[in-house]
Amino acid sequence: MEELITSYPRFAKDENGRFHFQGFHSQSMYVIDGQTISDQTGVTFSNSIDPGIAQGLEIIYGNTPAEYGEKIGTVVNLTTKSGLGRPLQGDVFGGLARFGTYEGGASLAAGSQRFGVFAP
């Protein structure tokens, strides 16, 4: 997630992998499906948020609206993937890198208009 956020203008990453907006330190907040997470999230203090769960990502910085409260630096508003209204579908991915490292995963989504399941 930090790689996505630091690709936006005015964001920088420090030596620990955390991102900062225009000199604000620890002044960021995640909103995931309307639920506020104001604790530090990132590689130093906790597990990073998997960008594979994102359906939509909005980054609000500068003039942050009052609805988000005390975090004046930036707000990362994340909408997660859902299975609502989807036929059964899935994704499988894999990759290899140097030094014998590898990565792999799968996701599955399905649902009706009232019920949906997404599993990363």
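Since the model is a prediction, treat every value here as computed from it, not as a measurement.

Each value, and the rule that gives it
- Residues numbered from 1 in each chain as written.
- Predicted model: local features only at pLDDT ≥ 70, side-chain atom pairs only at ≥ 80, totals over all residues.
- Heavy atoms only, no water.
- Pairing = 2+ DSSP bridges.
- Helix = DSSP H or I, 4+ residues; strand = E, 2+ residues; numbered from the N terminus.
- Axes fitted to C-alpha atoms, helices over the stretch in contact; angles between N-to-C directions.
- Buried < 20%, exposed > 50% of the residue type's maximum accessible area, 1.4 Å probe, protein only.
- Contact = heavy atoms within 4.5 Å.
- 1 Å grid on protein atoms, 1.4 Å probe; cavity = no way out; pocket = protein on both sides within 12 Å on 5 of 7 lines; lining within 4 Å.
- Points joined across faces, edges and corners; volume = space filled by probe spheres on them.
- Nonpolar A, V, L, I, M, F, W, Y, C, P; charged D, E, K, R; others polar.

Engineer: What is the right way to look at the sheet that holds strand β9 (residues 116-119) in this model?
Structural biologist: The strands that make up a sheet are held in pairs by hydrogen bonds between backbone atoms, and each pair lies either parallel or antiparallel. Here 3 strands make up an open sheet; going across it, the order is β7-β8-β9 and the pairing antiparallel. Edge positions in the sheet fall to β7 (89-96) and β9, since each of these pairs with one other strand and no more. Each strand of the sheet is rotated relative to its neighbour by a mean of 5°, with strand direction disregarded. Bridging between strand β8 (residues 102-111) and β9 involves 4 bridges; their strand directions are antiparallel. Opposite Ala109, over in β9, you have Phe118 as the bridge partner.

Engineer: What is the right way to look at the side chain of Asn77 in this model?
Structural biologist: Within the element layout of this structure, Asn77 appears in strand β6 (residues 74-80). Since its relative accessible area comes to 18%, Asn77 is described here as buried. Beyond its immediate chain neighbours, meaning those up to four positions away, Asn77 contacts Val31, Gly56, Leu57, Glu58 and Tyr68.

Engineer: Got a minute to help me understand the layout of surface pockets in this structure?
Structural biologist: In this approach a probe as big as a water molecule rolls over the atoms, and the regions it shows empty are the leftover space. Roughly 190 Å³ of internal volume is contained in the largest pocket. Taken together, the residues of the lining of the largest pocket break down into 4 nonpolar, 2 polar and 4 charged.

Engineer: So what exactly am I meant to see when it comes to the pairing of β6 here?
Structural biologist: Most of β6 is tucked away, with 6 of its 7 residues classed as buried. Relative to β6, strand β5 (residues 54-61) runs antiparallel, the two being bridged by 7 bridges. Looking at the pairing, Leu57 lines up with Leu78 of β6.

Engineer: Honestly, the environment of Thr79 in this entry has me stumped. Any pointers?
Structural biologist: In this fold, Thr79 is placed in strand β6. Not counting residues up to four positions away in its chain, the partners in contact with Thr79 are Asp33, Ile53, Ala54, Gln55 and Gly56.

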